[in-house]
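# Summary of structural features
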Amino acid sequence: MKLKLDKKDFKPFLQSLMDEYDLFAPVQLAEGVSVFRKIGHPEEVDLSSANTQKPAKELFFPQSEVMFRYEKVGNQNQLLSMEEEKRERILFGARPCDIEAISIIEKVFVGEEYTDVYFLEKRMKTIIMGLGCNHPLSTCFCSSAGGDPFLRAGSDLFFIDLGEAYFVELLTEKGMAFHKNKFFKEADPEDLTLVKELEEKAFEKVGYAVPVEGIEKRLDLMGESSFWDRVHEKCVGCRICTYLCPTCHCFDIVDEGEHPCGQRVRNWDSCLSPLYSLETSGHNPRPTCRERTRQRLMHKFNYFPKNFNQVACVGCGRCILYCPVHFDIRKAILWTSPKRPKRYEER
Amino acid sequence: MLQEKIREKAKELLEKKAVDLVIGFGEWTLPLRTTPLFIRTPEGTKNLIWNSFCENNLAVYIHKFSQFKVGIVVKGCDARSITALSLEKRFKPGQLFLIGVPCQRMVDRRKVNRAVKGEILQAREEGDLIYVKGEEFEVSLKRDDFLYSSCQVCTHRNPIHADILVGDPVEESPLKEPYEEAKAFEKMSPEERWRFFEKETSRCIRCYACREVCPMCYCTECFVDSSNPKWIEKGLSPSDLEFYHIVRAYHQTGRCSGCGACERACPMGIRLTYLTQKLNRDVKELYHFETGIDTEAPPPLSTYEIEDKQDFIK
C-alpha cells in the first residue's frame, strides 16, 4: 500500500506512535554522534546522519543485558523476578543495511538448533519502520554486499524522504495495521516518479565496486595466505569495527554481584581482543593480531556464508569510517579478488 | 619538501639494511586521513607521505614490532612517547631509528566535517589552506581554524632525541595557552566537573580504542581485562565506565606526551585529553617534570626516595 506523510505532520505522527508503543529512533548524543534510543519527545528524533554510530542491533541484542537475577536462600538458589517490558516497540528510521543486519543476526539467534529467547522476544514485539537512503556515503557498499539503499526486506513499513513529505509503503501484516493512521494520505503518481528517481540516483552512487561476490570460495584457498601476514599490521586491536558492526554478534556471559545475590549478564565481545580466545590453560589459539584479523574477515566472508548462505557484512561502512588507523575492509575484500595489485606494498 | 626527505631517509635506511622496516604514513581511501604504512623495500618508500592529516602516534607500533629493527616517522609528541618508553625499557638500544619531522600541527577531521554540509569526497592541503570538495560544494578553509585541541596547546612540535630531523625546526609557540583544557576544567566547581566527566563517559562503548592507540598502554593484561582479581565489571553501568576512564588516565601520570591519540580514536567523540592534560600539569607543577624530555629521569610516580615528602600521609 502506497501512502504519504506530510513533513508538517511528522512530529504529531511520531507522537501518535509513542502513545501506543515504545518508540526507538536515532538521537544525537553529542555533535556528530548518534545512536538509537527510546524517544521521550518527538523533538529528540534526529535523522540528519546517514547512519548512527552504534547500529540498530543493540535494540535486539543490547551491548550489556541482564539475563536473570538470583539469590541464595539457605541451600536454595532462587531466581528473582525481573521487570518485563510489556509494550510493543517501534524501531523508526533504521536504514536498510541495519535492518538487513538484524535478519542476519536472527539466523544465528533463532535457528533450528537453538533459540535465543532474549533476542526473539525483542524481535517479536518490534515493528520496523525503515528509512530509504537518499544520500549513501562514499563508504557505503550495500549493493556489493547483496543489499541496496532502498531494500524493503525486513521492514514492516518503509519511509522515503521526498523533501516535503515521506513516501510510505506498508509492507507486511504488521505494517498494514497502520493504514488507518490519520496522518497518512494517499500517495500521488508524481510521488512514485520521484521515488524512482531517488532510487536510481542512490543505486548509481553506491555502485557495485567491491567484489564481495564469490569471496567465500576465494577465501577457501587463502587460509594460510601471506596476505594475513600484512593485512593486520596497522590494526591496534580495539573493538570499534566489531562493536559498531551491525552483524557482529559475539558475546561473553559473566556473573556479577556478591554472595548471596547476583545477576548473569551478557555483554558484547570482540574477536579482535586477545582475551576472546584465551583459554583457561593460558594457551591462546589466536595469539596475535594476524590470527584475530583473519578470524574477523573469515567469519564474515567465509564461515558465515558456509553456515547461512549469506555474507555477514551489509556494507554500512562504519568499520571504515570509525577505524582509528583507517583499516578499509573494501581494500581487504579487493585483495582477495583477481583485481588485486600484484604486490601488497603496491596496493 | 618534508615528504621527499622522509622518503629519502627511509629509502636509505632500507637500502643500507639499517632497519627491517620503516613505519610511516601513507594515503588510503578517505579524504582528510592517512594510514600507518609498514615499508620493507626501498621501492615501497615512494608511498610514504607527509601532510596535516598524519594524526596517529606511530610509537604505538613499537610493541608489535619488538622483534625488528624499525625506522619510524615521528612528530614531536610521538618522539616524546618513545623517550618515555625507553625509560620503561620497552625496546633495545639501537633498535629504533627515529625519523623526526618538525610538526605543523594536525588537522581535526571532525571539525572540518562539521564545517560543511554534506560528505567531503576530496581534500587537499595547500599552504595555510585546506580545500575540501563534496558533491555540491567546494570550499577552502583556514588550516589553523581546524587543528586538534592537543596540537593547539603543543609546546614540543620539534621531535626531541630523534636520530635525524628532516626539515628545519619550527618555532615552539603554542597557539593557545598550554594546559588550556585542564585549566578550564579546574575552573569548574566540583559538581560541574563531575557532571562534565559523567556526561562524557556515559557515551563510552568500551571498545578500548583509547587504550589500544596509546603507546603507553602496553600491559599484557589491562586491569579491566583481569578476572582474578576482578577490578571492574564488563558492562555499561556508569560507575564501571567512570572507573575505567579515571584509572586509564591515572596510569598515564608522568607518562603521557599529550599527543591526543586517545581522543582522536574515540568513535563516540568522548573528550579525554582534559584529564591527561590535568595530570601533566600537576606533574609539571609538583615535580617540574615533563614526559619525554629527559632520557635519564624516570616519571616521578615511578620512583621512590627516602627524602620524599610524607606529610600527605595522615
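Residues numbered from 1 in each chain as written. Chains lettered and ligands numbered in written order. Predicted model: local features only at pLDDT ≥ 70, side-chain atom pairs only at ≥ 80, totals over all residues.

### Considerations on the overall build of chain B
- For chain B, the count of helices and strands is 10 helices and 8 strands.
- Relative to its length of 314 residues, chain B is compact, with a C-alpha radius of gyration of 20 Å against a globular reference of 20 Å.
- Projected onto its principal axes, the C-alpha positions of chain B cover 60 × 50 × 40 Å.
- Across the 314 residues in chain B, those meeting the buried criterion constitute 44%.
- Excluding contacts between residues fewer than 6 apart, the proportion of contacts in chain B whose partners are at least 24 apart in sequence is 66%. (Helix = DSSP H or I, 4+ residues; strand = E, 2+ residues; numbered from the N terminus. Rg over C-alpha atoms; globule rule 2.2 N^0.38 Å. Buried ≥ 20, exposed ≤ 12 C-beta atoms within 10 Å, placed from the backbone. Contact = placed C-beta atoms within 7 Å.)

### Overview of the overall build of chain A
- Along its length, chain A carries 12 helices and 12 strands.
- In terms of overall size, chain A behaves like a compact globule, its C-alpha atoms giving a radius of gyration of 22 Å where 347 residues would be expected to give roughly 20 Å.
- Considering only C-alpha atoms, chain A reaches an extent of 70 × 65 × 40 Å along its principal axes.
- Looking at chain A residue by residue over its 347 residues, the buried ones come to 41%.
- Taking as baseline every contact in chain A between residues at least 6 positions apart, the subset at least 24 positions apart corresponds to 70%.

### Quick word on the sheet that holds strand S4 (residues 96-100) of chain B
All names here are of chain B.
- The strand order across the open sheet formed by 5 strands is S2-S1-S3-S4-S8, and the pairing between neighbours is mixed. Two strands lie at the open edges of the sheet, namely strand S2 (35-39) and strand S8 (164-165), each paired on one side alone.
- Of the strand pairs in this sheet, strand S3 (residues 70-74) and S4 are connected by 5 bridges, and their pairing is parallel. Its bridge partner being in S4, Ile72 is matched across the sheet by Leu98.
- Against the sheet, helix H1 (residues 2-15) contacts strand S1 (21-26), S2, S3, S4 and S8, and its axis sits at roughly 160° relative to S1.
- Along the sheet face, helix H2 (residues 76-87) touches S3 and S4 and points at about 155° away from the line of S4. (Pairing = 2+ DSSP bridges. Axes fitted to C-alpha atoms, helices over the stretch in contact; angles between N-to-C directions.)

### Structural notes on the nonpolar core
- Ranked by internal contacts, the top residues of the largest apolar core, which has 163 residues, are Val74 and Ile99 of chain B.
- Sort the elements by how many residues they give to this core and helix H2 (residues 96-109) of chain A lands first, with 6 residues.
- When we break this core down by domain, the ones giving at least three residues each are domain 1 (2-66 + 85-206) and domain 2 (215-346) of chain A.
- Non-local contacts of Val74 of chain B, meaning those with residues more than four positions away in its chain, are made with Leu58, Ala59, Ala79, Ile82, Leu98, Ile99, Gly100, Val101, Pro159 and Ala162 of chain B. (Core = buried A, V, L, I, M, F, W, Y, C linked by C-beta atoms within 7 Å. Domains from an automatic or database assignment.)

### Considering the domain arrangement of chain A
Residues and elements named next belong to chain A.
- Splitting chain A by domain gives domain 1 (2-66 + 85-206) and domain 2 (215-346).
- Taking the mean C-alpha position of each, domain 1 and domain 2 sit 27 Å from one another.
- Listed by partner, the interface residues are 28 residues for domain 1 and 22 residues for domain 2.
- Those elements that provide at least two residues to the side of domain 1 that touches domain 2 are strand S4 (64-73) and H2.

### Let's talk about the environment of Ala10 of chain B
Residues and elements named next belong to chain B.
- Positionally, Ala10 belongs in helix H1.
- Residues Ala10 and Val112 lie 102 residues apart in sequence; the distance between their C-alpha atoms is 31 Å.
- Not counting chain neighbours up to four residues away, the residues in contact with Ala10 comprise Val22, Gly24, Ile39, Thr45, Leu48, Gly71 and Ile99.

### Comments concerning the interface of chain B and chain A
- At the interface, 33 residues of chain B touch 33 residues of chain A.
- Only S2, helix H3 (109-115), helix H7 (209-212) and helix H9 (261-265) of chain B provide two or more residues apiece to the side of chain B that touches chain A.
- The dominant element in the side of chain B that touches chain A, judged by the number of residues it contributes, is S2 of chain B, at 4 residues.
- By residue class, the composition of the side of chain B that touches chain A is 16 nonpolar, 7 polar and 10 charged. (Nonpolar A, V, L, I, M, F, W, Y, C, P; charged D, E, K, R; others polar.)

### Thoughts on helix H10 (residues 289-308) of chain A
Residue and element names in this part refer to chain A.
- Between its first and last C-alpha atoms H10 spans 26 Å; for 20 residues at 1.5 Å apiece the expected length is 28 Å, and the two agree.
- Along its length, H10 reaches its greatest deviation from straightness, about 55°, at His299.
- All buried positions along H10 are accounted for by Arg292, Thr293, Arg294, Arg296, Leu297, Lys300, Phe301, Asn302 and Phe304.
- Its buried side turned inward, H10 meets helix H6 (215-220), helix H7 (227-231), helix H8 (240-243) and helix H12 (329-336). (Expected span 1.5 Å × (residues − 1). Bend = angle between axes of the 7 residues up to and from the residue.)

### A look at the confidence of the model for chain B
- The share of residues in chain B with pLDDT of 70 or more is 100%, and the mean pLDDT across the chain is 96.
- Per the prediction output, this complex has pTM 0.96; the corresponding ipTM is 0.96. (pLDDT = per-residue confidence, 0-100.)

### A closer look at the packing of helix H5 (residues 180-187) of chain B against helix H10 (residues 273-287) of chain B
Residues and elements named next belong to chain B.
- Two numbers describe how H5 lies on H10: the axes approach to 8 Å, and their chain directions differ by 95°. Judged by the angle between their axes, H5 and H10 are roughly perpendicular. Between H5 and H10, the contacting residues are Glu181, Ala182 and Phe185 on the first element and Thr273, Tyr274, Gln277, Lys278 and Arg281 on the second.
- Along the lines of polarity and charge, the residues of the contact of H5 with H10 split into 3 nonpolar, 2 polar and 3 charged. (Parallel < 35°, antiparallel > 145°, perpendicular 65-115°, else oblique.)

### Considerations on the pairing of strand S2 (residues 22-30) of chain A
Residues and elements named next belong to chain A.
- One ladder, built from 3 bridges, connects S2 with strand S6 (residues 89-94); its direction is parallel. Looking at S6, one finds that Asp22 is bridged to Arg89.
- The sheet contact formed by S2 and strand S3 (residues 33-38) spans 6 bridges and is antiparallel. Paired with Pro26 across the strands is Phe36, a residue of S3.
- Here S2 folds back onto S3, and the loop between the two strands holds 2 residues, one of which, Gly32, carries a positive phi near 75°.

### Remarks on the environment of Glu169 of chain A
Residues and elements named next belong to chain A.
- Note on placement: Glu169 falls in strand S9 (residues 165-170).
- Linking Glu169 and Ala187, residues 18 residues apart in sequence, is a C-alpha distance of 9.6 Å.
- Ignoring any residue separated from it by four or fewer positions in sequence, one finds Glu169 in contact with Met1, Lys2, Arg152, Leu157 and Phe158.

### Here's the deal with the pairing of S6 of chain A
Residue and element names in this part refer to chain A.
- A large share of S6 lies buried, amounting to 6 of its 6 residues.
- By the bridge criterion, 5 bridges tie S6 to strand S7 (residues 126-131) in an arrangement that is parallel. Looking across to S7, one finds that Phe92 is bridged to Met129.

### Regarding the sheet that holds S9 of chain A
All names here are of chain A.
- Pairing is mixed in the open sheet, where 8 strands are placed in the order S3-S2-S6-S7-S8-S9-S1-S10. The two strands at the open ends of the sheet, each matched to only one other strand, are S3 and strand S10 (184-186). Each strand of the sheet is rotated relative to its neighbour by a mean of 30°, with strand direction disregarded.
- The sheet strands contacting helix H1 (residues 10-20) are strand S1 (2-6), S2 and S6, and the helix crosses S2 at an angle near 125°.

### Side note on unusual backbone geometry
- Between His259 of chain A and the following residue, Pro260 of chain A, the backbone shows a cis peptide bond with an omega angle of 10°.
- Looking at the secondary structure, you find Pro260 of chain A in the loop between strand S11 (251-256) and strand S12 (261-268).
- Here the residue pair Asn228 of chain B and Pro229 of chain B is connected by a cis peptide bond, since its omega of 5° sits within 30 degrees of zero.
- Mapped onto the elements, Pro229 of chain B comes out in the loop between H7 and helix H8 (238-250).
- Although it is not a glycine, Lys89 of chain B adopts a positive phi angle of roughly 55°.
- Examined against the element boundaries, Lys89 of chain B turns out to sit in the loop between H2 and S4.
- You will see that Tyr208 of chain B, though not glycine, has its phi angle at about 60°, which is positive.
- Looking at where Tyr208 of chain B falls in the secondary structure, it is placed in the loop between helix H6 (190-201) and H7.

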